[in-house]
Amino acid sequence: MVEGNAKLIVDLGNSETRITTHFGRNSKGETRKRTTVQDNRYGIMPENKVQLYLNSQVYTEDNSSIFTLNDQTYCNGDVCSDEFSTTAVRPTALEKKYESFVSKLTLINAFRIGYEHIAEMADCDLSSVDVDWDVVMLLPPEDADEGSTHLADMVRSITRIDFTMPKLNTEIRIHNVTILPEGYCAYAATLFESKTRLRKGYAYLADPNSYTLIIDIGGGTTDFMLAKGVNIIASSRFTKAIGGNNVSQRVRKLLRDEGISVSDATAKKGTVEGVIKSGAKTFDITEEIKKSKMDVSQQLVDAVKEFFEENMLPVQEINNLFVCGGGSVGSEKVHPISKYIVEFMERLSNNISLVKLPEIDGQSDPRLLNIQGASILSE
């Protein structure tokens, strides 16, 4: 039996959720950890068809999960995207994460992933893992005050998980629940190498007289906040329901206007890859992506203007601009949304420096910074 204390860190997204598990230490005395990115769509399975999918050779424990909550069976992964693509439930920017039932489904799935991480690290079966959990959750900064208690209660309400695929039915014992703000966690990952050590080359951000504007572009929302040195100015927290998903939605509409009808999932994939398939033909959609990103960028620029008006802070006082989040990612053919925001900020002030994102664990990925920062802050 593998026993002990484990930490589960969950960054709830609109399209994907990132889960990191900490458990034990390696031969160098460093915390052992694993990270998984999980799709946020869940299919509601008719009871008379569950066994059909379990018997399929297509859906395996590696690509799908099936679990029960309140006598209803749900699925995630390939079985969901293939069989329930039009009926799957998913998060939306219109619903607070701490109020969403999909958040609870995601948390249940996150615990399953946590058990799998520990089994992998300890080289044991899932049934051999018996741990107590500390849970760290991330919330948009504007929701941190109102939503923290609700989200913590949601976490604590999960006292058992019951998975048919993979086979896992176990009690969940939770000790502590910590809620951290998105955006600031990404900033902390950039600023700190550990909780007590500044990252080399980024000490200038810790200057107590230096202001950094943090813009965290997610799938469904974008968060804005100001940091003065290492500290967030609490009153500056601001969220707009605009994100990377708006780009794919606009791409899908433009394609529909051109007589090409594609699913939401195909539009999202095409927005990343620059091409889509419709029937047997492949179409280059670079121009549609550019136009869509320009439209969404203008909305975000308007949000930046609103942010400065609300905070009554001259833009010339901002020293650094820090842009992160999955919605900020570009491609080989199309610039990221962040580029348009940077160009706007540079027109307002020539003295603003764009913070270069650090390389952490061998990669520089703006989508992982929030969960990497949460790992550091929760040490």
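We now turn to the structure provided with this report.

How each quantity is defined
Chains are numbered independently. Their residues run from 1 in the order of the written sequence. Residues qualify for local features only when their pLDDT is at least 70, as the model is predicted, and side-chain atom pairs are given and counted only at 80 or more; totals for whole chains, interfaces and linings, by contrast, use all residues. No hydrogens and no water enter the side-chain calculation; it runs on all heavy atoms of the structure. Runs of E in the DSSP output that reach at least two residues are strands. Runs of H or I that reach at least four are helices, and both are numbered from the N terminus. Just to be clear, the radius of gyration here is over C-alpha atoms, and the globule rule we use is 2.2 Å times residues to the power 0.38. Summary of the burial criterion: residues with accessible area below 20% of their type's maximum are buried, those above 50% are exposed, and those between are partly exposed, where the area comes from a 1.4 Å probe applied to protein chains only. Any two residues whose heavy atoms approach within 4.5 Å at even a single point are treated as in contact. Accessible surface area values rest on a Shrake-Rupley calculation with a 1.4 Å probe, where residue burial reflects the displayed protein chains alone. Within this scheme the basic residues Lys and Arg register as positive and the acidic residues Asp and Glu register as negative, but His and the chain ends are omitted. Here the site of a charge means NZ on Lys, CZ on Arg, CG on Asp, or CD on Glu. For this analysis, a salt bridge means a side-chain nitrogen from Lys or Arg found within 4 Å of a carboxyl oxygen belonging to Asp or Glu. Strand pairing follows a simple DSSP-based rule, namely that at least 2 bridges must link the two strands. Every axis in this analysis is a line fitted to C-alpha atoms, fitted for helices over the stretch in contact. Angles between the N-to-C directions lie between 0 and 180 degrees.

### Let's talk about the overall build of the protein
- Per the secondary structure count, the protein includes 10 helices and 20 strands.
- Its C-alpha atoms give the protein a radius of gyration of 21 Å, within 12% of the compact-globule value 21 Å for 379 residues.
- Once the C-alpha set of the protein is aligned to its principal axes, its extents read approximately 60 × 55 × 35 Å.
- With 379 residues in all, the protein has 52% of them scored as buried.
- Long-range contacts, defined as pairs at least 24 residues apart, comprise 67% of the intrachain contacts of the protein with a sequence gap of at least 6.
- For the protein, the accessible surface area stands at approximately 17,800 Å², while carbon and sulfur atoms represent 45% of it.
- Distance between charge centroids for the protein: 3 Å, based on 42 positive and 53 negative side chains.

### Quick notes on the pattern of salt bridges
- This model, assessed by the stated rule, comprises 17 salt bridges.
- The salt bridge involving Asp264 is made with Lys268; its shortest N-O contact spans 3.7 Å. Within this pair, Asp264 and its partner Lys268 are both found in helix α7 (residues 264-273), separated by four residues, close to a single helical turn.
- Residue Glu287 pairs with Lys290 through a salt bridge whose shortest N-O separation is 3.8 Å. Pair noted here: Glu287 and Lys290 are both in helix α8 (residues 286-311), with a separation of three residues, about one helical turn.
- Connected through salt bridges with shared partners, the residues Arg90, Asp264 and Lys268 form a single ionic network.

### Some points on the pairing of strand β17 (residues 275-278)
- Bridging between β17 and strand β18 (residues 281-284) involves four bridges; their strand directions are antiparallel. Note that in β18 the partner of Val275 across the bridge is Asp284.
- Hairpin geometry of β17 and β18 is characterised by an intervening segment of two residues between the two adjacent antiparallel strands and by a positive phi of about 65° at Gly279.

### Notes on the sheet that holds strand β2 (residues 16-25)
- Sheet architecture is open: five strands sit in the order β3-β2-β1-β7-β10, paired in mixed fashion. Each edge of the open sheet is held by one strand with a lone partner, namely β3 (31-39) and β10 (173-181). Strand-to-strand twist across the sheet, computed as the mean angle between neighbouring axes with direction ignored, equals 20°.
- In this sheet, strand β7 (residues 129-139) lies alongside strand β1 (residues 2-11) in parallel orientation, the contact comprising nine bridges. Within the sheet, the bridge partner assigned to Glu3 lies in β7 and is Asp130.

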